[in-house]
Amino acid sequence: VQLQAYGGGSVQTGGSLELSCAVSGITWSTFVESTMAWYRQDPGKQRELVAQITSDGTTNYADSVKGRFTISRDNAKKTVNLQMNTLGPEDTALYYCSIQLGPRDYWGKGTLVTVSS
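Conventions and cut-offs
- Residues numbered from 1 in each chain as written.
- Predicted model: local features only at pLDDT ≥ 70, side-chain atom pairs only at ≥ 80, totals over all residues.
- Heavy atoms only, no water.
- Pairing = 2+ DSSP bridges.
- Helix = DSSP H or I, 4+ residues; strand = E, 2+ residues; numbered from the N terminus.
- Axes fitted to C-alpha atoms, helices over the stretch in contact; angles between N-to-C directions.
- Polar contact = N/O pair within 3.5 Å; in protein donor to acceptor, adjacent residues only side chain to side chain.
- Contact = heavy atoms within 4.5 Å.

Draft legend 1. Main features of the sheet that holds strand β1 (residues 2-6). Strands sit in the order β1-β3-β8-β7 across an open sheet of 4 strands; the sheet is antiparallel. At either margin of the open sheet sits one strand with a lone partner, and together these are β1 and β7 (69-74). In this sheet, adjacent strand axes meet at a mean angle of 15° when their direction is disregarded. Looking at chain direction, β1 and strand β3 (residues 17-24) are connected through 5 bridges and run antiparallel. Note that in β3 the partner of Ala5 across the bridge is Cys21.

Next up, the structure:
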């Protein structure tokens, strides 16, 4: 299983970015049944869950991003997206996508988001 994240970059406070994550190495049906998520990690801090989307489209967000971030999935393309609006310096972190397959989580390499004030 491989996950490739795209879309990180630098923006100013109040700006927007969209992250995408493409999953390969699994069948379409396996992807459809999976739970996908975005996490982030700031240096010196623990990795935290940002947003999650289940196979039936149920979403879950960290309190700090509710109302600003939106997670979505495109099953046909086997991708998961994270639309991030009204970004602030506190959102600066390395963002990782993950897929939960049964009892195991798989991770991609992170994509860096930097928000300047």
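Draft legend 2. Examining the side chain of Lys78 more closely. The topology assignment puts Lys78 in the loop between β7 and β8 (79-84). Separated by 2.7 Å, the side chain of Lys78 and the backbone oxygen of Ile26 make a polar contact. Other than its neighbours up to four places away in sequence, Lys78 contacts Cys21, Ala22, Val23, Ile26, Thr27, Trp28 and Phe31.

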